[in-house]
Amino acid sequence: MTNQIIIVGFMGTGKTTLARELAQRLGCAAVDLDDLIMNNERRSPKEIIEQNGENRFREIETRMLREALLEGAARIVAVGGGAWTMAQNRKLIADNGAFTVWLDAPFELCWKRIEAGGKTRPLAHSRELAQELYRERQGIYELADARITVAESDNVEEIASRIIRELRERTRAPMSDIS
C-alpha cells in the first residue's frame, strides 16, 4: 500500500479541495503545503515571493515538504503548482515512496478558477504569464505516477473516486487496504 499520496498540478486544478475529499474518504489526514508554509513562516507564499524572491520560497517549500513527508502526519499532501517542477522535490517524494497524482485540467478551467479566487497569484499576474507557465510545466507534471483529467463538469467526489480506483489498480490492493 502507498504510504503517502502527493497531489500535483497547476494552480486552480483543485488540489487542496481534492486532498481534503480523499482524506475524508480514506479516513486519514490531509495537508496543503502552502498552509504548512504559512503556519511556519507566518507569511503567505505570495508574501515570501514578493519579499524574498521565488528562490527563497522554493527553499522553504522544499524544507516543509521534507518535514511533511518525514513526519508522516498527513497521508495526503497537496503541493503548490511549482513544487513538483523542482527536481529535488521529485526525488524527495520518490525516495519516500509516495504516490503522485497529477490533476490535469485544461488551462481555461484553471484560469477561470484563478480569476474567481480573487487573489493575485504571484507567478500569474496576467493570463499570458499564467498560460506560459502552464505550458512550461505540462511536461514535468507528466512525470507523476498517475494522471487524472479534470473537466469543469467533474465534481470532487467523482475525481476522488477515480483516484481511489487508480490506487487500487496500481497497488493491486483490495479497497479495504486503501481506505
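The coordinates are above.
Report follows, based on the coordinates. (Residues numbered from 1 in each chain as written. Predicted model: local features only at pLDDT ≥ 70, side-chain atom pairs only at ≥ 80, totals over all residues. Heavy atoms only, no water.)

## Focus: the sheet that holds strand β4 (residues 99–104)
Next up, step 1: Pairing within the open sheet is parallel, and its 5 strands lie in the order β2-β3-β1-β4-β5. With partners counted over all chains shown, the strands left at the sheet margins are β2 (30–32) and β5 (146–149), one partner each. Between one strand and the next, the sheet's axes are offset by a mean angle of 20°, whatever the strand orientation.
Next up, step 2: Taken together, the 4 bridges between β4 and β5 define a ladder with parallel strand orientation. (Pairing = 2+ DSSP bridges. Helix = DSSP H or I, 4+ residues; strand = E, 2+ residues; numbered from the N terminus. Axes fitted to C-alpha atoms, helices over the stretch in contact; angles between N-to-C directions.)

## Notes on the side chain of Glu 21
Next up, step 1: Mapped onto the secondary structure, Glu 21 falls in helix α1 (residues 15–26).
Next up, step 2: On the accessibility criterion, Glu 21 (13% relative accessible area) is buried. (Buried < 20%, exposed > 50% of the residue type's maximum accessible area, 1.4 Å probe, protein only.)

## Focus on the pairing of β4
Next up, step 1: For β4, the tally of buried residues reaches 6 of 6 residues, placing the bulk of the element in the interior.
Next up, step 2: Burial of β4 is two-sided: the residues Phe 99, Val 101 and Leu 103 facing one way and the residues Thr 100, Trp 102 and Asp 104 facing the other way are all buried.
Next up, step 3: Note that strand β1 (residues 5–8) and β4 share 4 bridges and pair parallel. Within the sheet, the bridge partner assigned to Ile 7 lies in β4 and is Val 101.

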